[in-house]
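Structural description and commentary
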Amino acid sequence: MNLIKKASLAAKLLISYVVLVVFPFLISSLVLSSTSASNIKNNTLSYINLFVEQISSNIDSYIGELDRMTRVATLDNTLVDLLTASPESDKMANYNAAKYLHNEMLKLMTQQPSIRNVTYVGANGMIYSGTSNEIKDLPSFYEITHADRLDELNQKVYISAAHIPSYLLVDFGRSKEPVFTLTRFLYTFDKKKIGAIVLNVTCQDLLDAININSSLLESGARIVITNQDNTIVADTSGNFTPEYLNDPEYMTFAATEQEDGQDMYFSNSSDTLTSTVIINRNQLFKSTHDFNQFAVVLVVMLIILIILLSGYFSYKLVKPLKLLKNAANECAAGNYSIRIPVESKDEIGSLCSSFNFMTEEIQNLLDRVYHYQLATKQAQLEALQNQISPHFLHNTLEIIRMKALINKDKEVAVMVQTLAKLFRITLDRTSNIVTVRDELEHVETYLTIQNMRFNNRYRFTRHVPEELLDCSIIKLTLQPLVENCIQHGFVQTFGDEEISISVEETGNDLIISVSDNGVGIEETNLKRIQNNLEHTGPSEEGAVHNSIGIVNISDRIRLEYGQGYYLRLYANSPRGTTVQLCIPKNYNMEILPEP
């Protein structure tokens with residue numbers, strides 16, 4: 001479990017694919033393969049059993065035909081008389097009997113060409129094998145054909161084992177070809193013995209008659225046909241030769257269905273013969289074995305393919321996550337310029353896009369902060385180069401005011417006192433944040449000096465709810481706007497100049513409006529100024545260090561409060577201009593240390 005926890009995401013995904021896909025697929029494949037192999041095996045066994053039954057059926061038809069041909073002899077009264085009557089001494093009678101039997105023999109051999117010889121054995125002891133043939137070894141003939149067992153055997157047909165008919169004087173030149181005999185025992189309707197008809201039939205004709213499937217023999221199968229004594233009548237093996245026909249171990253065959261090592265036996269018995277198919281187990285189930293091998297190879301290849309595809313998809317899925325991880329480490333190390341290629345539109349692609357947007361925003365924010373800090377440092381440097389000690393300036397102005405009072409010049413004393421108050425607020429660097437009350441007081445102080453200068457030319461009104469006076473604002477925000485009103489709005493006016501400041505609360509924000517009734521701003525200039533106010537980077541050089549520019553004030557608002565806050569200009573009707581500020585209510589800013 002600890003190893004899995006420590007494994008990479010790609011390894012976990014690969015393990016998940018293997019567990020959720022490969023294992024079920026493997027189990028399903030094994031079950032399907034086993035079922036299919038079992039079905040193939042059962043079908044093969046069914047086919048072999050059906051084939052053996054077909055062989056038995058063909059043998060029954062073939063033997064039945066031979067039996068039918070010999071059974072008709074019981075209806076031939078002449079033949080019955082010849083086989084049962086006492087032997088005649090008359091040569092002519094014997095000649096006529098032989099001629100008749102010869103004709104009957106030819107009829108049988110004509111009807112069934114597979115019959116090589118016919119022997120008539122009469123109950124009266126007569127034996128006839130043709131005009132040019134005879135039984136030369138009667139004991140061997142009786143031993144093989146059982147033709148002399150009319151009394152011992154209560155049976156109608158006996159089929160002998162395969163043999164070479166050496167008991168015949170002439171075997172029509174086929175002495176090396178195995179034959180079997182079909183002995184038909186003849187009885188009258190009242191069960192009196194007539195004799196027997198012995199047919200010599202070649203074993204190959206029997207095999208040909210049962211129509212053996214050549215493909216089965218080519219696969220190595222052996223077909224053995226045995227008689228009632230479990231001796232071989234016909235055999236398709238290569239040992240079925242005259243040399244082995246005298247071997248009792250070979251000729252004796254137990255035709256029972258069994259498994260003998262690698263061989264399998266399939267038997268089916270009829271009334272006279274038993275058919276047995278012997279086939280090698282491996283050869284019999286070769287198709288099953290081939291199917292199993294093919295199934296194993298296929299399953300292994302599919303599993304390998306699934307694992308490879310799982311590894312590929314895991315890699316494709318984890319690759320952007322690794323890039324995101326490395327990029328996050330780079331970002332944590334301070335490299336905010338890094339970007340991740342977005343190659344998809346799925347959740348991971350969306351995550352990569354969000355990361356790129358985040359780093360870009362961080363980079364832009366750092367750039368703005370950097371430029372702002374650079375501008376602040378530059379302003380502080382210039383202030384250090386040009387500053388006059390506030391205490392020194394205040395003491396000097398206080399001395400001038402005292403001198404004016406001594407000389408009884410109260411107007412000069414008031415002007416000096418007001419100027420000292422203005423300088424005290426302007427040069428105070430202990431905090432970058434003041435209240436709205438303090439900022440309005442600074443505006444009034446500035447206007448007091450301007451009215452002393454221009455003989456009370458400017459009228460100032462303010463509309464600020466009492467509860468909003470203690471809200472915070474960036475220092476020196478309103479006074480530069482009022483100064484712009486005087487410098488630009490009242491350039492060509494002479495009387496009735498009015499400046500008003502209003503503060504309204506909107507949700508969590510303050511809307512501060514600074515309005516004048518001056519000459520206003522031309523439309524082209526208004527658009528140019530509005531475009532400058534829309535920029536998000538640092539102000540142009542010259543405005544950065546100028547604390548009275550409205551663009552500088554707009555930049556300070558966005559840098560301190562964020563992009564959602566603004567400074568906007570509007571033209572009044574019929575004349576004049578309004579500057580509107582949006583800042584957060586009660587925003588607490590850091591107190592800048594005194595340099």
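Analysis parameters
Residues numbered from 1 in each chain as written. Predicted model: local features only at pLDDT ≥ 70, side-chain atom pairs only at ≥ 80, totals over all residues. Heavy atoms only, no water. Buried < 20%, exposed > 50% of the residue type's maximum accessible area, 1.4 Å probe, protein only. Helix = DSSP H or I, 4+ residues; strand = E, 2+ residues; numbered from the N terminus. Arc of directions from axis to C-beta. Axes fitted to C-alpha atoms, helices over the stretch in contact; angles between N-to-C directions. Parallel < 35°, antiparallel > 145°, perpendicular 65-115°, else oblique. Left-handed = near helix turned anticlockwise from the far one by under 90°. Contact = heavy atoms within 4.5 Å. Polar contact = N/O pair within 3.5 Å; in protein donor to acceptor, adjacent residues only side chain to side chain. Pairing = 2+ DSSP bridges. Core = buried A, V, L, I, M, F, W, Y, C linked by side-chain atoms within 4.5 Å. Phe/Tyr/Trp six-rings, centres within 6.5 Å; stacked < 30°, edge-to-face > 60°. Lys NZ or Arg CZ within 6 Å of the ring centre and 35° of its normal. Patch = residues over 30% accessible without salt bridge, like charges linked within 9 Å, V, L, I, M, F, W, Y side chains within 5 Å. Areas by Shrake-Rupley, 256 points an atom, 1.4 Å probe, with all protein chains shown as cover. Salt bridge = Lys/Arg side-chain N within 4 Å of Asp/Glu carboxyl O. Expected span 1.5 Å × (residues − 1).

1. Digging into helix α3 (residues 77-84)
- Those residues of α3 that sit buried are Leu 79, Val 80 and Leu 83. Angular distribution of buried residues about the axis of α3 spans 100 degrees; they occupy a single face of the element.

2. Section: the packing of helix α16 (residues 523-533) against helix α17 (residues 550-561)
- At their nearest, the axes of α16 and α17 sit 9 Å apart, and the two run at 30 degrees to each other. With respect to α17, the element α16 is oriented roughly parallel. In this structure, α16 crosses over α17, and the sense of that crossing is right-handed. On the side of α16, the interface is formed by Ile 529, Asn 532 and Leu 533, while α17 contributes Ile 550, Val 551, Ser 554 and Arg 558.

3. Concerning the side chain of Thr 477
- Here Thr 477 shows up in the loop between β13 (472-474) and α15 (478-489).
- With relative accessibility at 4%, the residue Thr 477 sits in the buried group.
- Reaching out from Thr 477, the side chain makes a polar contact with the backbone oxygen of Ile 474 at a distance of 2.6 Å.
- Those residues in contact with Thr 477, other than ones at most four positions away along the chain, are Glu 439, Ile 553 and Leu 581.

4. Regarding the sheet that holds strand β1 (residues 115-122)
- What the five strands build is an open sheet, ordered β2-β1-β5-β4-β3; its pairing is antiparallel. With one partner strand each, in any of the chains shown, β2 (127-128) and β3 (157-159) form the two edges of the open sheet.
- Bridge count for strand β4 (residues 179-187) against strand β5 (residues 193-202) is nine bridges, and the pairing is antiparallel. Note that in β5 the partner of Arg 184 across the bridge is Ile 197.

5. As for the nonpolar core
- Core analysis: the biggest nonpolar cluster contains 56 residues, and Ile 63, Leu 66, Tyr 120, Leu 199 and Ile 225 have the highest contact counts within it.
- At nine residues, helix α2 (residues 9-71) tops the list of elements feeding residues into this core.
- What Leu 66 contacts, discounting residues up to four positions off in sequence, is Gln 112, Ile 115, Leu 182, Leu 199 and Val 201.

6. Overview of the packing of aromatic side chains
- Inspection of every chain in the model, using the stated rule, returns seven aromatic pairs.
- Centre to centre, the rings of Phe 141 and Tyr 142 are 5.7 Å apart; their planes meet at 50 degrees, and the pair counts as tilted.
- Ring centres 5.9 Å apart and planes at 70 degrees place the aromatic pair Tyr 561 and Tyr 565 in the edge-to-face group.
- An aromatic cluster of three or more residues is present, and its members are Phe 141, Tyr 142 and Tyr 167.
- One cation-aromatic arrangement involves Arg 457 over Phe 454; the distance from NZ or CZ to the ring centre is 6.0 Å.

7. Quick word on a nonpolar patch on the surface
- Residues Phe 294, Leu 298, Leu 302, Leu 305, Leu 309, Tyr 312 and Phe 313 make up a contiguous nonpolar surface patch of roughly 660 Å² in combined accessible area.
- In this fold, Leu 298 is placed in helix α10 (residues 286-332).
- Among the residues examined, Leu 298 registers a relative accessible area of 37% and is labelled partly exposed.

8. A few points about the pairing of strand β14 (residues 497-506)
- Bridge count between strand β12 (residues 458-463) and β14: six bridges; the pairing is parallel. Paired with Arg 459 across the bridge in β14 is Glu 498.
- Direction of pairing for β14 relative to strand β15 (residues 509-516): antiparallel, over a ladder of eight bridges. Each bridged residue has a counterpart across the sheet, and for Ile 501 the counterpart in β15 is Val 514.

9. What to know about the side chain of Gln 479
- Tracing the sequence through the fold places Gln 479 in helix α15.
- Residue Gln 479 is classed as buried on the basis of its relative accessible area, which comes to 9%.
- In contact with Gln 479, not counting residues within four places along its chain, are Glu 439, His 442, Val 443 and Tyr 446.

10. A word on the pairing of strand β7 (residues 232-235)
- Examined bridge by bridge, strand β6 (residues 222-226) and β7 share three bridges and lie antiparallel to one another. Within β7, the position partnered with Thr 226 by the bridge is Ile 232.
- Here β6 folds back onto β7 in antiparallel fashion, the turn holding five residues, of which Asn 230 has a positive phi close to 60 degrees.

11. Examining unusual backbone geometry
- Here the amide bond leading from Ser 573 into Pro 574 is cis, since omega sits at 10 degrees, within 30 degrees of zero.
- Looking at where Pro 574 falls in the secondary structure, it is placed in the loop between β16 (566-571) and β17 (577-584).
- One non-glycine residue, Asn 230, lies in the positive phi region at around 60 degrees.
- Along the chain, Asn 230 falls in the loop between β6 and β7.
- The residue Leu 476 is not glycine, and still its phi comes out positive at about 60 degrees.
- Considering the arrangement of structural elements, one finds Leu 476 in the loop between β13 and α15.
- Judged by its relative accessible area of 16%, Leu 476 falls in the buried class.

12. Digging into helix α14 (residues 436-453)
- Given a rise of 1.5 Å per residue, 18 residues ought to cover 26 Å, and the 26 Å separating the end C-alpha atoms of α14 matches this to within 8%.
- Along α14, the residues classified as buried are Val 436, Glu 439, Leu 440, His 442, Val 443, Thr 445, Tyr 446, Leu 447, Ile 449, Gln 450 and Asn 451.
- Directly after α14, the chain includes Asn 455, whose backbone phi takes a positive value near 60 degrees.

13. Quick look at the sheet that holds β16
- If you trace the five strands from one edge of the open sheet to the other, you get β12-β14-β15-β17-β16, paired in mixed fashion. Each edge of the open sheet carries a strand with a single partner, namely β12 and β16. Strand-to-strand twist in this sheet, taken as the mean axis angle between neighbours without regard to direction, amounts to 15 degrees.
- Of the pairings in the sheet, the one linking β15 to β17 comprises eight bridges and is antiparallel in character. Across the sheet, Ser 515 pairs through a bridge with Thr 578, a residue of β17.

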